[in-house]
Amino acid sequence: MQIPYELALGWRYTRAGRATRRNGFISFISGVSMLGIALGVAALIIVLSVMNGFQKEVRDRMLSVVSHIEIFAPGGAALPDMQRTLAEVRANPNVVGAAPFVAAQALLARGEDMKGALVRGIDPALEPEVTDLAAENLQGLKALVPGEFRVILGSELARQLGVRAGDAVTLIAPSGQVTPAGVLPRLKQMTVAGTFNSGHYEYDSALVLLHHEDAERIFRLEGPTGLRLKLKDLHAAPEVAQQLARSLSGHLLIRDWTQQNKTWFAAVQLEKRMMFIILTLIVAVAAFNLVSTLVMTVTDKRADIAILRTLGASPQSIMGIFVVQGAMVGVIGTLAGLLLGLGIAFNIDVIVPAIERALHTSFLPQDIYLISRMPSDPQSSDIVPIAVISLILAFFATLYPSWRASRVNPAEALRYE
C-alpha cells in the first residue's frame, strides 16, 4: 500500500533535520510546542483526576456515616406514627434498609473540657442496614444497651476530651429544666463504650452515638425523630425522595444526601469547571505555538514548495503537507500528555507520599482538611474531551500557515535559487 506523499512529506518535516542552524531552530520550536501540549494535557488530567478523587473520597466517607435519605418530623419532634412510616418506606423497591434515629445537639464535658456534639440516637440492631460505619463496627454497637447510658464517640472527639473506653463523660442537653432558681440544663453522666473512625474529620470530631431509647429519655421525646434509609443506588436518591414524598402519609420532611452537603458539591463542580477552562488555555497557548513553527517552516521550505508545484502538486496537496506536520505535533504532544497524565494520576498515592517524605512536610494535614491523603479518580468523561479539545486546537492552529504555503508563487520562490 502506497503512502500518500503529503503524509510522507509532512512526517519528514515534523522530524526536521538539524543540518543547518535554521532547521535546528525550527525543530527546537516544534519540540517546545509539542512539550507544551503534552504538559498542558497532563496537567488537565492530573488536576481533574485529583478533584474527582477528592469528591469521591469525601462522598464515600460521608455516606459511611450519613444515610442516603432521611425522613423526619418538622421541628425536631418525634415521628407521629413510626411503624406506619417504616412500613410505607419498606414498600418502595429502591429501599434496602431503614432504621430509626434521634438527632439532637448537646455539649459533652470531661472535667474542665467541653465540646459541642452532634448526638445521634440509633437502634443497634437496625443501624448496620443503613450505614457502612455501623456495619463495620457491629461489635461496638452491641455495647449500646438501653438504660445503661453508654456512648460511642468519634475518635477525634475522644482525643480532644482525653477519654477512652470505660471513662465517664457528662452530656449536657440544651433544653433545660424549669426550677425555682431558673432554667437549668439537664446533665447526664454517660460511660464511653468505645470510639469509631470514619475518616471524615467533621464527624470524627463531633458525632456521639447512643441508644435511641436513652436519647429519647435525655431529650424528653416520645419516640425517634426520624428514619434513615439506604438505597440500592445512591445516585437515585433525589428521585426516590420525590417518590417517597408522594407516597408517605402525614406531613413529613424528606432530605437526601445530595441536599445535606449541596453547597459543598456545587462548589466542587464550579471549581472543576473553572480549572478545566484555565488549564485548557494552557493547551491553547501551546497549540497556537504551532502557528509560529509552521510559518517559519513554510518560509524555510519555499524552494521545496515551488519545486513540488512545478512537478504538478496542487495547492490542496501543499496545504495538506503542512496540515499533516502540525497535526503530527498535536497528536504526539497529546499522546505524550495522556501517558504522562495518566501515569501520574494512577500512581499519585505513591508519588505524593514520596515527595512528602523527601521534603519532610505534609500537604494535607488531617486537622485542617477532611482527608489526609491525595486521592485520584481518572474518569473517561474528563480524559476524552481533553484529548479531543487538544487535537482540535492543534488542527486549527495549522490552517493559516498551511494556507499561506499553498499560496506560494513558484516563480517568486525560485527567482534567487
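See the structure printed just above.
Calculation criteria
Residues numbered from 1 in each chain as written. Predicted model: local features only at pLDDT ≥ 70, side-chain atom pairs only at ≥ 80, totals over all residues. Heavy atoms only, no water. Helix = DSSP H or I, 4+ residues; strand = E, 2+ residues; numbered from the N terminus. Buried < 20%, exposed > 50% of the residue type's maximum accessible area, 1.4 Å probe, protein only. Contact = heavy atoms within 4.5 Å. Salt bridge = Lys/Arg side-chain N within 4 Å of Asp/Glu carboxyl O.

A. Main features of the overall build of the protein. Helix and strand content of the protein: 16 helices and nine strands. Expressed as a percentage of the 417 residues in the protein, the buried residues total 47%. Looking at the protein alone, contacts between residues at least 24 apart form 80% of all its contacts between residues at least 6 apart.

B. Broad picture of the pattern of salt bridges. Taken as a whole and assessed by the stated rule, the structure comprises seven salt bridges. In this structure, Glu129 and Arg90 form a salt bridge, with 3.7 Å as the shortest nitrogen-oxygen distance. Taken together, the residues Glu129 in the loop between strand E3 (113-122) and helix H4 (132-136) and Arg90 in helix H3 (residues 82-90) connect sequence positions 39 residues apart. Of the residues examined, Arg90 reaches a relative accessible area of 40% and is grouped as partly exposed. Between Asp382 and Lys272 there is a salt bridge; the shortest N-O distance is 3.2 Å. On the criterion of sequence distance, the pair formed by Asp382 in helix H15 (residues 380-406) and Lys272 in helix H11 (residues 262-300) is long-range, its members being 110 residues apart. What makes Lys272 buried here is its relative accessible area of 13%.

C. Up close: the environment of Leu335. Position of Leu335 relative to the elements: it lies in helix H13 (residues 315-346). Given a relative accessible area of 49%, Leu335 falls into the partly exposed group. Note: C-alpha distance between Leu335 and Ala38 (297 residues apart in sequence) is 7.4 Å.

D. Region of interest: the environment of Ala42. Its location among the elements puts Ala42 in helix H2 (residues 21-63). Residues Ala42 and Leu342, spaced 300 residues apart in sequence, show a C-alpha to C-alpha distance of 7.5 Å. In this structure, Ala42 is in contact with Gly337, Leu340 and Gly341, ignoring residues within four places of it in sequence.

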